[in-house]
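# Coordinate analysis (summary)
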Amino acid sequence: MDFVIELIGYLGSVLVLVSMLMSSVIKLRIINTVGSIIFTFYAFAIQTYPTAILNVILVGVNIYNIIKLVKFTKQYDLVEVKAEDSFTGYFVEHYKKDIELYFPDFENTAELYDTAYIICCNADPAGILLGKKTGDEIEISLEYTTPMYRDCSVGRFLYDELNKKGIKKLVYKTADKKHAEYLEKMGFSKNEEGYIKEI
C-alpha cells in the first residue's frame, strides 16, 4: 500500500512538472490542476496537511483561471504592415527564441518578404505572418502565434481574412517537424511543393 501511495505522489509531481512545459496556457492550467488534485490525495494519505491545503488552494486558483480563459472573448483584427516596419522587427526580435524552436531556418531579413500581417487580439499582438505574395498565392516564411493564443483560433481567423483579401493558396516550402504537425492540423497537405492549403 505504501508503494502505491508513493507512486501516486510521483504521478502528481510529474504532472505538475509537465504542466510547466506546456506552451498553451489553458493546457498548463488543466494538467497542473490534475497534478495538484492527485498530489492533494497523496498529501492527505501521508498526513502532510500543509501540503494538502496548498494543493487544494492551487486547484481552486487553476479552476478560477481556466474559467476566465474559457469565458474570455477573443476579438481578432488583421493589421497589414510592412516587413521593414520597426514594430514588425520588434515583434520578431521579442519572440526570437520561441520562433527559432518552430522556424529554425527563418531569416529575419525584411528584404526577403513583401507581405506582412500582425494579428491582434483585443488590441494585443497575438501573431504574425511574413511571406511573398504572387497573384492570389502567398509563400509563407513565418506564421507565428504567441504562446498565450496558441489554440489554432489565430490561424483560423488569419486564413478566413486572407481569403477575404483574395488569397486562395498558402504555401510552405519547408516546415520544421514541430510546425508541420500544426500545418497538418490546420488542413495543409504535403506534396512536392511543400505544404499547401487552398483557402
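This text goes with the structure placed above it.
In this report, we go over the structure that sits alongside the text. (Residues numbered from 1 in each chain as written. Predicted model: local features only at pLDDT ≥ 70, side-chain atom pairs only at ≥ 80, totals over all residues. Heavy atoms only, no water.)

Attention now moves to the overall build of the chain. When helices and strands are tallied, the chain shows 7 helices and 7 strands. N-terminal to C-terminal, the α/β element order of the chain is α-α-α-β-α-α-β-β-β-α-β-α-β-β. Expected size for 199 residues packed as a compact globule is a radius of gyration near 16 Å; at 21 Å, the chain overshoots this value by more than 25%. Summarising its shape, the C-alpha atoms of the chain cover approximately 70 × 35 × 30 Å along the three principal directions. In the chain, buried positions account for 39% of the 199 residues. Taking contacts inside the chain between residues at least 6 apart in sequence as the whole, the part at least 24 apart equals 60%. Summed over its atoms, the accessible surface of the chain is roughly 11,800 Å², and 60% of this surface lies on carbon and sulfur atoms. Counting 22 positive and 27 negative side-chain charges, the chain places the averaged centre of each group 5 Å from the other. (Helix = DSSP H or I, 4+ residues; strand = E, 2+ residues; numbered from the N terminus. Rg over C-alpha atoms; globule rule 2.2 N^0.38 Å. Buried < 20%, exposed > 50% of the residue type's maximum accessible area, 1.4 Å probe, protein only. Contact = heavy atoms within 4.5 Å. Areas by Shrake-Rupley, 256 points an atom, 1.4 Å probe, with all protein chains shown as cover. Lys, Arg positive; Asp, Glu negative; His and termini not counted. Charge placed at Lys NZ, Arg CZ, Asp CG, Glu CD.)

The subject of this paragraph is helix 3 (residues 49–71). For helix 3, with 23 residues, the first-to-last C-alpha span of 33 Å sits near the 33 Å given by 1.5 Å per residue. Those residues of helix 3 that fall on the buried side of the exposure criterion are Ala52, Asn55, Val59, Asn62, Asn65 and Ile66. Where the residues of helix 3 are buried, they touch helix 2 (25–45). (Expected span 1.5 Å × (residues − 1).)

The next point concerns unusual backbone geometry. Phi is positive for Gln47, which is not a glycine, with a value near 60 degrees. Residue position: Gln47 is located in the loop between helix 2 and helix 3. What makes Gln47 exposed here is its relative accessible area of 56%. With a phi close to 50 degrees, Asn122 is a non-glycine residue in the positive phi region. Counting through the fold element by element, Asn122 comes out in the loop between strand 2 (115–121) and strand 3 (124–134).

This brings us to the sheet that holds strand 4 (residues 137–145). Taken in spatial order, the 7 strands of this open sheet run 1-2-3-4-5-7-6, and their pairing is mixed. Two strands bound the open sheet, and with one partner strand each, they are strand 1 (76–81) and strand 6 (189–191). Across the sheet, the mean angle separating the axes of adjacent strands is 35 degrees when strand polarity is ignored. In this sheet, strand 3 lies alongside strand 2 in antiparallel orientation, the contact comprising 7 bridges. Looking at the pairing, Tyr117 lines up with Leu129 of strand 3. Across the sheet, helix 7 (residues 177–185) is in contact with strand 4, strand 5 (169–172) and strand 7 (194–198); its angle to strand 7 comes to roughly 25 degrees. (Pairing = 2+ DSSP bridges. Axes fitted to C-alpha atoms, helices over the stretch in contact; angles between N-to-C directions.)

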